[in-house]
Amino acid sequence: MKVYLSGAIEHASDGGRGWREALSEVLRDELGHEVYDPAADEKKNLTDEELTNFRRWKLEDPARFREVVRKIIGWDLDFVEREADYLVALWDRAAAQGGGTAAEVTLAHRLGKPVYLLLGMPAAEASGWVLSAATEVFDSREALEARLRETFGDSAGDEKTALR
């Protein structure tokens, strides 16, 4: 199984790495899933120059910035569409400031792929669109992890064994 970890990168205080690293341990080590972490894969299909400069181009060279970010958008959405079996997303205030998480959640939903949504904010403040595109919504990482173990762990049947 392949999982895509969706959530804020641009507006996240840690670049979106902390929650992904913690959850990846469970997904890889316990469930044997292949994890794609877009926050860890900064290079994607960018040139070295693009990787080094695109953030400052947001204000200095908006046309070039858009060109580079469109490459990132294409890369990430291609993975959700062609590679991921399911998506885990963190929806918090940082995600709400950007567009990528909502786009990835929506695409996965549209393709019929399960979306496990972890809320980092009160549900009353979360996007109704994103909440509705999610297959299941969780208020804590512990509840999310328990559900993933229940769904994909050894007790879920022979699916994990058959995939090895």
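These numbers were taken from a predicted model, which means no experiment stands behind them.

Participant: Requested: an account of the overall build of the protein, with residues and values cited.
Facilitator: Across its full length, the protein holds eight helices and five strands. The secondary structure elements of the protein, listed N-terminal to C-terminal, are β-α-β-α-α-β-α-α-β-α-β-α-α. Since a compact globule built from 164 residues should have a radius of gyration of about 15 Å, the 16 Å found for the protein is in line with a globular shape. Based on the C-alpha atoms only, the size of the protein along its principal axes is roughly 55 × 40 × 30 Å. Burial status across the protein gives 40% buried among its 164 residues. In the protein, the share of contacts with a sequence separation of at least 24, taken over all contacts with a separation of at least 6, comes to 62%.

Participant: Before we move on, could you go through the pairing of strand S3 (residues 86-91) and cite the residues and values that matter?
Facilitator: With six of six residues buried, S3 lies mostly within the body of the structure. Of the two faces of S3, the one lined by Tyr86, Val88 and Leu90 and the one lined by Leu87, Ala89 and Trp91 are each fully buried. When strand S1 (residues 2-6) meets S3, the two strands line up parallel, connected through four bridges. Bridged to Leu5 within S3 is Val88. Examined bridge by bridge, S3 and strand S4 (residues 115-119) share five bridges and lie parallel to one another. Residue pairing across strands places Ala89 opposite Leu117, the latter belonging to S4.

Participant: Describe in detail the packing of aromatic side chains, supporting the description with residues and values.
Facilitator: Across all of its chains, the model carries eight aromatic pairs by this definition. With a centroid separation of 4.6 Å and an interplanar angle of 25°, the aromatic rings of Tyr36 and Phe79 are classed as stacked. With Tyr36 in strand S2 (residues 34-36) and Phe79 in helix H3 (residues 62-82), this pair connects stretches of sequence that are 43 residues apart. In terms of burial, Tyr36 and Phe79 fall into one category: buried. For the ring pair Tyr86 and Tyr116, a centre distance of 5.8 Å and an interplane angle of 90° mean the geometry is edge-to-face. Here Tyr86 is found in strand S3, whereas its partner Tyr116 is found in strand S4, with 30 residues between them in sequence. A residue is classified by how much of its surface remains accessible, and Tyr116, at 5% relative accessible area, is buried. The structure contains a cluster of three or more aromatic residues connected by ring pairs, namely Tyr86, Tyr116, Phe138 and Phe152.

Participant: For the environment of Ala22, give the residues involved together with the corresponding values.
Facilitator: With respect to the helices and strands, Ala22 occurs in helix H1 (residues 18-30). We classify Ala22 as partly exposed; its relative accessible area is 22%. A C-alpha to C-alpha distance of 15 Å links Ala22 and Gly120, two positions 98 residues apart in sequence.

Participant: Lay out the nonpolar core with the relevant residues and their values.
Facilitator: Counting 23 residues, the largest nonpolar core has Tyr4, Leu87, Trp91, Val105, Val115, Leu117 and Val130 as the members making the most contacts within it. Sorting the residues of this core by element identifies H3, S3, helix H4 (93-97), helix H5 (100-110), S4 and helix H6 (128-133) as the ones contributing at least two each. With 16 residues, the next largest nonpolar core counts Val3, Leu23, Tyr86 and Leu118 among its residues.

Reading the values: the criteria
- Residues numbered from 1 in each chain as written.
- Predicted model: local features only at pLDDT ≥ 70, side-chain atom pairs only at ≥ 80, totals over all residues.
- Heavy atoms only, no water.
- Helix = DSSP H or I, 4+ residues; strand = E, 2+ residues; numbered from the N terminus.
- Rg over C-alpha atoms; globule rule 2.2 N^0.38 Å.
- Buried < 20%, exposed > 50% of the residue type's maximum accessible area, 1.4 Å probe, protein only.
- Contact = heavy atoms within 4.5 Å.
- Pairing = 2+ DSSP bridges.
- Phe/Tyr/Trp six-rings, centres within 6.5 Å; stacked < 30°, edge-to-face > 60°.
- Core = buried A, V, L, I, M, F, W, Y, C linked by side-chain atoms within 4.5 Å.

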